[in-house]
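Tertiary structure, described
Residue strings, one per chain:
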Amino acid sequence: MLPTTRHSPTPSRRTPLRTLAAAAALLSLAFICAALPHSGAAAAGPREGDDTRPAAPRSPQVPVGVTAGVAVFDRQTGTFTEQLNEAATFRSASVVKLLLALDFLWNRSPGSIPDADRARLDAMLRSSQDSAANHYWSTYGGPATVDRMITRLGLVDTARPPAGYEGYWGYTAISARDTVKIYRHILETAPADVRDFIMQRLRQSTRCASDSFDQHFGIAAAFNQPWAVKQGWSAYSAKGTCGPGSSTTARTRAGSFPAAGAAGVDLSRPALHTTGTVGAGDRSIVAVLTLHPDRTSYGKAYTDLGRLTRSLNVPGGTAPTGKWYGTWGSDVAVRRDPALGDNLLTRLPAGVEVLVGCQKKGQVVSVPPYTNDWWAYLPQYGGYVTNIYISHPDNQLPDVPLCTEQH
């Protein structure tokens, strides 16, 4: 159904039909859209998040339908600034890769490990490569890896995958407070070379994971650098769209097959976790573990986790400048310049919320019935999207500044 509220008095809406047809044909080579927004989407206007942090702490704001476990630990004061269901257990998804790396490096110096292991650990920690995790899980005892790390770190909620699922590292149970313990071990107890090896790779987290999912959600989007992250996601049926190449069909991540819950851990609902450190000197450790309603899209979960993370009191964290807006459509292109052509940077998860830093006029784009020459600059992506795909009824966003020449 076409929206009736997305209109503007600007002349660009009244483009001749033959021009619209030509531009639409050109656009079809650059944009792939699943559907036009429904009539209420554009009328709802921008979905903005806070771009300044409040002086006083506030309780975590958990979106409707989301189940969350949250812990934020201030290493400077030695206290928690946020705790919500911090002992609740979630399937770890890729967060367990921290334990796999620590177990392998327990009696080894990173400087002495084989080049093959260095490459595997780099890919597993930076781009969440599953094949690397499969290697360490199968080579070093599978669930015994989890058992060893529970004992070594004094973890109280963590547990090996349930009976019948021993081969799935992503079904390891973990809590927000145990995740904080893991990071505290890395930062405060592990040998310095192990600490530096792991944290350097978490600071270099790639936007595009090895399975083409955009993994710069949560901490990575809510705060300016410095930050370091290890993310986790599980049970999303959509395709990965991250990167300049074509979209790739999603494969099920190891440990993410739908199944009935066991031992109190939900193994079926879509999971999205953001964990890591924020601020100079890794001041705050942040763990936000979430489950979402069945069939939640990746973009919706990405957005909800982002809103929750931005609501937290995170000492040392600073919010990026800009306005948060929803988007519509799928495979929406982020481009190096405000124009179509051979300048694709990546594609957005369908319907995700984005931070808009500024806007400028560029090439006229037509997606009938819309025509627009305004483009939004997304500082966290380093590129532009046409304002057509920003969820706002006007061509030009009313509360976003014009871009300066450096953009």
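Here goes a summary of the coordinates provided. (Residues numbered from 1 in each chain as written. Predicted model: local features only at pLDDT ≥ 70, side-chain atom pairs only at ≥ 80, totals over all residues. Heavy atoms only, no water.)

1. Some words on the state of the cysteines
Throughout this description, disulfide means a covalent bond between two cysteine sulfur atoms. A complete count under the given rule lists two disulfides for this structure. Taken in N- to C-terminal order, the disulfide-linked cysteines of the protein chain are connected 1-2, 3-4. (Disulfide = S-S within 2.5 Å.)

2. Here's the deal with the pattern of salt bridges
Inspection of every chain in the model, using the stated rule, returns 20 salt bridges. Linking Asp-157 and Arg-177 is a salt bridge whose minimum nitrogen-to-oxygen distance equals 2.6 Å. Of this pair, Asp-157 sits in the loop between helix H6 (143–153) and strand E4 (173–175) while Arg-177 is found in helix H7 (residues 176–189), placing the two residues 20 residues apart along the sequence. Relative accessible area serves as the criterion here: at 33%, Arg-177 is assigned to the partly exposed category. For Arg-195, the salt bridge goes to Asp-196, with nearest N and O atoms at 3.0 Å. Of the residues examined, Asp-196 reaches a relative accessible area of 41% and is grouped as partly exposed. (Salt bridge = Lys/Arg side-chain N within 4 Å of Asp/Glu carboxyl O. Helix = DSSP H or I, 4+ residues; strand = E, 2+ residues; numbered from the N terminus. Buried < 20%, exposed > 50% of the residue type's maximum accessible area, 1.4 Å probe, protein only.)

3. Here we look at the environment of Trp-227
You can see Trp-227 is positioned in strand E5 (residues 227–234). Relative accessible area serves as the criterion here: at 7%, Trp-227 is assigned to the buried category. Excluding its chain neighbours within four sequence positions, the residues that come into contact with Trp-227 are Leu-202, Arg-203, Ser-205, His-216, Ile-219, Ala-220, Thr-277 and Val-278. Only 3.3 Å separates the side chain of Trp-227 from the backbone oxygen of Phe-223, close enough to count as a polar contact. (Contact = heavy atoms within 4.5 Å. Polar contact = N/O pair within 3.5 Å; in protein donor to acceptor, adjacent residues only side chain to side chain.)

4. Some words on the environment of Arg-75
Looking at the element boundaries, Arg-75 is found in the loop between strand E1 (67–74) and strand E2 (79–84). Here Arg-75 falls in the partly exposed class, since its relative accessible area comes to 26%. For the pair Arg-75 and Asp-282, spaced 207 residues apart in sequence, the C-alpha to C-alpha distance is 7.9 Å. Once residues within four sequence positions are removed from consideration, Arg-75 is found in contact with Leu-187, Glu-188, Gly-281, Asp-282, Arg-283 and Ile-285. There is a polar contact of 3.0 Å between the side chain of Arg-75 and the backbone oxygen of Asp-282.

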